[in-house]
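Okay, here's what each chain looks like letter by letter:
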Amino acid sequence: MKVLIINCGSSSLKYQVIDSDSEEVLAKGLCERIGIDGRLVYQKAGLDKEITEAPMPTHKEAIQMVLDALQNPKTGVISSLKEIDAVGHRVVHGGEEFSGSVLITDEMIKAVENCTDLAPLHNPANLIGIRVCKELMPGTPMVGCFDTAFHQTMPAKAYLYPIPIEYYEKYHIRKYGFHGTSHSFVSKETAKFLGLDLNHSKIIVCHLGNGASISAVKDGRCIDTSMGLTPLAGLCMGTRSGDVDPSIVEFLGKKLNLDASGVLQILNKKSGVLGLSRGLSSDFRDLSAAAESGNRDAQNALDVFCYRVTTTIGAYIAALDGVDAIAFTAGIGENDKDVRSTVMNNFHYMGIRIDEEKNSIRGENVKISTDDSKVAVCVIPTNEELAICRDTVAVLSENK
Ligand code: ADP
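Definitions and limits used
Residues numbered from 1 in each chain as written. Predicted model: local features only at pLDDT ≥ 70, side-chain atom pairs only at ≥ 80, totals over all residues. Heavy atoms only, no water. Helix = DSSP H or I, 4+ residues; strand = E, 2+ residues; numbered from the N terminus. Rg over C-alpha atoms; globule rule 2.2 N^0.38 Å. Buried < 20%, exposed > 50% of the residue type's maximum accessible area, 1.4 Å probe, protein only. Contact = heavy atoms within 4.5 Å. Areas by Shrake-Rupley, 256 points an atom, 1.4 Å probe, with all protein chains shown as cover. Lys, Arg positive; Asp, Glu negative; His and termini not counted. Charge placed at Lys NZ, Arg CZ, Asp CG, Glu CD. Expected span 1.5 Å × (residues − 1). Polar contact = N/O pair within 3.5 Å; in protein donor to acceptor, adjacent residues only side chain to side chain. Near = heavy atom within 4 Å. Nonpolar A, V, L, I, M, F, W, Y, C, P; charged D, E, K, R; others polar. Pairing = 2+ DSSP bridges. Axes fitted to C-alpha atoms, helices over the stretch in contact; angles between N-to-C directions. Core = buried A, V, L, I, M, F, W, Y, C linked by side-chain atoms within 4.5 Å.

Novice: So what exactly am I meant to see when it comes to the overall build of the protein chain here?
Specialist: Tallying secondary structure elements over the protein chain gives 14 helices and 14 strands in all. Scaling as 2.2 N^0.38, a compact globule of 400 residues should have a C-alpha radius of gyration of about 21 Å, and the protein chain matches this with 21 Å. Overall size of the protein chain, expressed as C-alpha extent along the three principal axes, is 60 × 55 × 45 Å. Within the protein chain, the fraction of its 400 residues that count as buried is 49%. Considering only intrachain contacts with a sequence separation of at least 6, the fraction spanning at least 24 residues in the protein chain is 60%. Here the protein chain displays about 18,800 Å² of accessible surface, and carbon together with sulfur accounts for 51% of that area. In the protein chain, 41 positive and 51 negative side-chain charges are present, and the distance between their average locations comes to 2 Å.

Structure representation (structure tokens):
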């Protein structure tokens, strides 16, 4: 089957066409600056990227351009839209409605609309992508894959916030968690790679990218994760603060004469390692280089980041009552060997040992712990598009 994967943001859209049998990416790219001017990046497997500047007033023109590029007689990968067997859409927030990927129907769309106040920036953009694809490819089956779904197995003790219970009942305020597609994919790949029985395993997945979250996965099911009602919670991130004392919102608001959303803007966009490094960078390559040349702020930022990852892993070892494997993934998790060894060296007392030579290998699944390490530590590159493709095929075969 040829599956089109769509990840629609408010002014951008990422896409891939994957052959689900071989799991090869046939073409991929993105549309940027939708509603501003418009830029299509298209890359057929094995060829260079093509960049086209063209007006994209709305997502409809953007998706139409993607579909035209896919059918281009020279560089396309299909000769007609009929060759797209299914479309898999990323959807950010599925609330408590969705604990797995589902076929897109009118009822499903309504249920996603009902979750919009939980993800006011993301869900409307995801829905636009769904509606436009339905219009341009009527009759093609479509599946929605939610960032929150994998975490729906958390027990109440993990997802309830200790605030009056009516707010959970009335407003659905609870921990949801994000990056679920990645946590699900990486936990499964980790078990496969290490030869563990997923149904009898304790795995901690560290998804460390610009946005970062950790999850505790017991017997293949998520039992806790570090993001919350929104992706602002948990670890220190590129520009997000992660967990802070909630009183800071009022305190800083008074000092800066800002309302709550003004302070939250700071906590989302100007905090994390960017804020700690005095605005130097949110990119770990820049921070490591600066720290090496003696920049104290950059070093503090890296220290805070690693400390939070360490304490969260520690908490999840307790929640799991032990751990068989710890997996690192996403931009920092896959590429930054110093972060991995700094974090893992804090677990020396537990018998975790890192092989620094293996820790330097990049771009593939690799076990970076020594053979005598009490816990297996590995790097497992995430692949959210492939995870969406697999889910799309699975949901379609269940609904045949
Ligand atoms: P997101 O999908 O959340 O935008 P990614 O998973 O793509 O984020 O991660 C992006 C981050 O990964 C960058 O901001 C940078 O900090 C980090 N990163 C990427 N490549 C490297 C590298 N070679 N060494 C260290 N960090 C890297």
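Novice: It is not clear to me how helix 11 (residues 296-320) should be interpreted in this structure. Could you clarify?
Specialist: Because an α-helix packs 3.6 residues into every turn, residues spaced three or four apart end up facing the same way. Helix length check: helix 11, at 25 residues, gives a terminal C-alpha distance of 36 Å against a target of 36 Å (1.5 Å per residue), a fit within 8%. Capping the start of helix 11, Asn 295 holds a side-chain oxygen 3.0 Å from the backbone nitrogen of Asp 297, two or three residues further along. Once helix 11 finishes, Asp 321 follows within two positions and takes phi at roughly 60 degrees, a positive value.

Novice: How do you make sense of the site of the ligand when you look at a structure like this?
Specialist: The immediate surroundings of the ligand are formed by 13 residues, with Asn 210, Gly 211, Phe 284, Gly 331 and Asn 335 found nearest. A distance of 3.2 Å is found between an oxygen atom of the ligand and a backbone nitrogen or oxygen belonging to Gly 211. Within the backbone of Gly 331, an N or O atom sits 2.9 Å from an oxygen atom of the ligand. Burial of the ligand by the surrounding chains reaches 67%, relative to a free accessible area of 580 Å². Ranked by residue count, the leading element in the shell around the ligand is helix 12 (residues 330-335), at four residues. A per-class count over the shell around the ligand returns three nonpolar, six polar and four charged.

Novice: Is there a simple way to explain the sheet that holds strand 12 (residues 325-329) in this structure?
Specialist: Each strand in a sheet pairs with its neighbour through backbone hydrogen bonds, running either in the same direction (parallel) or in the opposite one (antiparallel). With mixed pairing, the six strands of this open sheet are ordered in space as 11-10-9-12-14-13. Looking along the sheet, the strands with just one partner apiece sit at the ends: strand 11 (221-225) and strand 13 (366-367). For strand 12 and strand 14 (residues 376-379), the ladder comprises four bridges, and the chain directions are parallel. Its bridge partner lying in strand 14, Ala 327 is registered against Cys 378. Its contacts with the sheet put helix 13 (residues 337-345) on strand 9 (202-208), strand 12 and strand 14, and the angle it makes with strand 12 is roughly 155 degrees.

Novice: Sorry, what's going on with the nonpolar core here?
Specialist: One broad rule of soluble globular proteins: the nonpolar side chains tend to lie buried together. Core analysis: the largest hydrophobic core is formed by 44 residues, its most contacted members being Ile 204, Leu 208, Phe 305, Ile 313, Ile 326, Val 343 and Met 344. For this core, the elements supplying multiple residues, two or more each, are strand 9, strand 10 (212-218), helix 10 (284-292), helix 11, strand 12, helix 13 and strand 14. Once residues lying within four places of it in the same chain are set aside, the contact partners of Ile 204 are Ile 214, Ser 215, Ile 313, Tyr 316, Ile 317, Leu 320, Val 323, Ala 325, Ile 326 and Ala 327. Ranked by size, the runner-up nonpolar core spans 41 residues in total, among them Ile 63, Ile 78, Ile 109 and Ala 149.

Novice: I keep staring at the environment of Ser 213 and nothing clicks. Help me out?
Specialist: Within the element layout of this structure, Ser 213 appears in strand 10. On the basis of relative accessible area, Ser 213 is assigned to the buried category, the value being 0%. Taking the C-alpha atoms as reference points, Ser 213 and Gly 242, 29 residues apart in sequence, are found 9.5 Å from one another. Those residues in contact with Ser 213 that sit more than four places away from it in its chain are Phe 178, His 179, His 183, Val 205, Cys 206, His 207, Ser 226, Met 227 and Leu 235. Of note is the side chain of Ser 213, whose polar atom sits 2.8 Å from the side chain of His 179. Within the local environment of Ser 213, its side chain forms a polar contact with the side chain of His 183, the two groups lying 2.8 Å apart.

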